[in-house]
Amino acid sequence: MAKKALCVGINDYPYDGSDLNGCVNDATAWGSVLKELYGFRDITIILDKDATKKRMLDGIKALLKGAKAGDVLVFTNSSHGSYKADTDGDEEKYDEILCPYDIADNDIVDDELRTLFDNVKPDVRLTVVLDNCFSGTATRAPVSDIIPGLRTPDDRRVRFLSPALRGGKVLQNPWKAKPKRVEKHPEADMKDVLLTGCTDKEYSYDANIEGTYHGAMTFYALKAIREAPHALTYNRLHSRITSLIGDYPQHPQLEGSNANRRRKLFS
C-alpha cells in the first residue's frame with residue numbers, strides 16, 4: 001500500500017495587497033502530520049512562486065499516476081480562491097477556481113480537478129483538503145466582491161482574490177446566478193473525500209491563531225488530529241472542526257459518499 005501526498009501553500013501573490021500569511025504554514029504542517037502520525041513517506045510540498053498552474057496540475061497527475069486499490073493519496077491546497085464568471089448566454093454562470101501563483105495568466109477551475117479525480121481507480125483512497133474561499137463543492141463543480149474588514153487583533157484576512165484584479169467580470173449578486181447545465185458530479189458519485197474551509201458562498205479566513213499563522217479550518221483540523229490521530233473518522237473530524245472554529249464566519253464542509261465519510265482518516 002502506497003501513501004503519497006501533495007501539499008500546496010501560496011502566501012506570495014503578484015498583486016499588491018494580496019499576500020497571505022498562513023498558507024505556507026498550512027502546507028508544511030500537513031506534510032509533517034502525514035509523515036509523523038500516518039506514516040507517509042512520499043510527500044511533495046510546493047510553495048509560493050513554485051506553485052504555478054502547471055506545477056500544481058503536474059503534481060496532482062503524479063500523485064494519481066499508477067495508484068492501485070488500497071493506496072492512500074492526499075492533496076491539500078491553501079491559497080486564494082475566487083470565481084470565474086461566464087458571460088455567454090442570458091444567465092450568469094460562475095465556477096470556483098483555485099488561484100495558483102501565476103493567477104495573472106492561469107487559474108484552476110473546479111471542473112479541471114473533477115476531471116482528474118474522476119479517473120481515480122476504484123478503492124484508491126483519495127482525500128482532498130481545500131482551505132481557500134468558495135471551496136465548498138470545488139471538486140464537484142459555485143462569492144462576492146471582497147469587502148475589506150477592519151484589522152483585527154489576529155490579523156484576520158480572507159483567502160479571496162477578486163476577479164476584478166485580473167480584468168474579469170464581477171457578479172453583482174452571485175448567489176442568484178443560475179447555472180446553465182445540470183450538475184455533472186453528484187456527491188454520491190465522488191471518488192474522493194473533500195474537506196473544505198467553507199461553503200461555496202463564504203470566505204475562508206487566514207489569521208494568527210495561538211501565535212501562528214494558519215487558515216482557520218486547517219489550524220483546527222490539525223489540532224483535532226493531533227489530539228486523537230487514530231480515533232477520528234472523516235465525519236468525526238468535521239464535527240470537531242465545526243465545534244472548534246469559534247467566531248470565524250465560515251462553515252467547513254465535508255463531501256463524499258457516506259461510506260468514505262465514515263472511514264478513518266488517511267486509511
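Residues numbered from 1 in each chain as written. Predicted model: local features only at pLDDT ≥ 70, side-chain atom pairs only at ≥ 80, totals over all residues. Heavy atoms only, no water.

Trainee: Give me the lowdown on the overall build of the protein chain, citing residues and values where you can.
Mentor: A tally of regular secondary structure across the protein chain gives 6 helices and 12 strands. By residue count, 56% of the 267 residues in the protein chain fall in the buried class. Carbon and sulfur atoms make up 49% of the accessible area of the protein chain, which amounts to about 11900 Å² in all. (Helix = DSSP H or I, 4+ residues; strand = E, 2+ residues; numbered from the N terminus. Buried < 20%, exposed > 50% of the residue type's maximum accessible area, 1.4 Å probe, protein only. Areas by Shrake-Rupley, 256 points an atom, 1.4 Å probe, with all protein chains shown as cover.)

Trainee: Pulling in residues and values, what's your account of the pattern of salt bridges?
Mentor: Two side chains of opposite charge can pair, provided their charged atoms sit close to one another. If you walk through the whole model with that rule in mind, you get 12 salt bridges. In this structure, Arg-159 and Asp-131 form a salt bridge, with 3.6 Å as the shortest nitrogen-oxygen distance. Since its relative accessible area comes to 0%, Arg-159 is described here as buried. Overall, Asp-131 belongs to the buried group, its relative accessible area being 0%. The salt bridge involving Asp-154 is made with Arg-156; its shortest N-O contact spans 3.0 Å. The buried category is assigned to Asp-154, whose relative accessible area is 14%. One connected set of salt bridges, linked through shared partners, spans Asp-26, Asp-131, Arg-159 and Asp-206. (Salt bridge = Lys/Arg side-chain N within 4 Å of Asp/Glu carboxyl O.)

Trainee: Mind laying out the pairing of strand β9 (residues 192-196), listing which residues take part and the relevant values?
Mentor: The element β9 is largely enclosed, with a buried count of 5 among its 5 residues. Burial of the side chains of β9 extends over both faces: Asp-192, Leu-194 and Thr-196 are buried on one face and Val-193 and Leu-195 on the other. Where strand β7 (residues 125-131) meets β9, 5 bridges bridge the pair, whose relative direction is parallel. Paired with Leu-126 across the two strands is Asp-192, which belongs to β9. Here 3 bridges tie β9 to strand β12 (residues 253-255), and the two strands are oriented antiparallel to one another. The partner of Leu-195 across the bridge, within β12, is Leu-254. (Pairing = 2+ DSSP bridges.)

Trainee: So what's going on with the environment of Ile-209? Which residues, and what values?
Mentor: Within the secondary structure, Ile-209 is located in strand β10 (residues 205-209). A relative accessible area of 4% places Ile-209 in the buried class. Ignoring any residue separated from it by four or fewer positions in sequence, one finds Ile-209 in contact with His-214, Ala-216, Phe-219, Tyr-220 and Tyr-248. (Contact = heavy atoms within 4.5 Å.)

Trainee: Tell me what's going on with the pairing of strand β3 (residues 72-78), and back it up with residues and numbers.
Mentor: The buried fraction of β3 amounts to 7 of the 7 residues, a majority that puts the element mostly inside the structure. In β3, alternate side chains face the same way, and those of Val-72, Val-74, Thr-76 and Ser-78 on one face and Leu-73, Phe-75 and Asn-77 on the other are all buried. Where strand β1 (residues 3-9) lies against β3, 7 bridges are found, and the strand directions are parallel. When the sheet's bridge partners are listed, Leu-6 is paired in β3 with Phe-75. Across 7 bridges, the pairing between β3 and β7 is parallel. Across the sheet, Phe-75 pairs through a bridge with Val-128, a residue of β7.

Trainee: Describe the confidence of the model for the protein chain, and please don't skip the residues or the numbers.
Mentor: Overall, the predicted model of the protein chain reaches an average pLDDT of 85, with 80% of residues at or above 70. In this model, residues 87-91 is a region of pLDDT below 50 whose contacts with residues beyond four sequence positions or in other chains number 7 contacts. Counting interchain partners and residues more than four positions distant, the pLDDT-below-50 stretch residues 136-150 has 63 contacts. (pLDDT = per-residue confidence, 0-100.)

Trainee: Describe the packing of aromatic side chains, with residues and values.
Mentor: The full count for this structure, using the stated rule, is 7 aromatic pairs. A ring pair is formed by Trp-30 and Phe-266, whose centres lie 6.5 Å apart and whose planes are at 80 degrees; its orientation type is edge-to-face. Neither Trp-30 nor Phe-266 differs from the other in exposure class; each is buried. For the ring pair Tyr-234 and Phe-266, a centre distance of 6.3 Å and an interplane angle of 85 degrees mean the geometry is edge-to-face. Taken together, the residues span a long stretch of sequence, with Tyr-234 in helix α5 (residues 234-244) and Phe-266 in the segment after α6 (258-261) at a distance of 32 residues. Owing to a relative accessible area of 4%, Tyr-234 belongs among the buried residues under this scheme. Overall, Phe-266 belongs to the buried group, its relative accessible area being 3%. One aromatic cluster is present, formed by Trp-30, Tyr-38, Phe-40, Tyr-234 and Phe-266 through successive ring pairs. Above the ring of Tyr-205, the side-chain terminus of Arg-156 is found at 5.9 Å from the ring centroid. (Phe/Tyr/Trp six-rings, centres within 6.5 Å; stacked < 30°, edge-to-face > 60°. Lys NZ or Arg CZ within 6 Å of the ring centre and 35° of its normal.)

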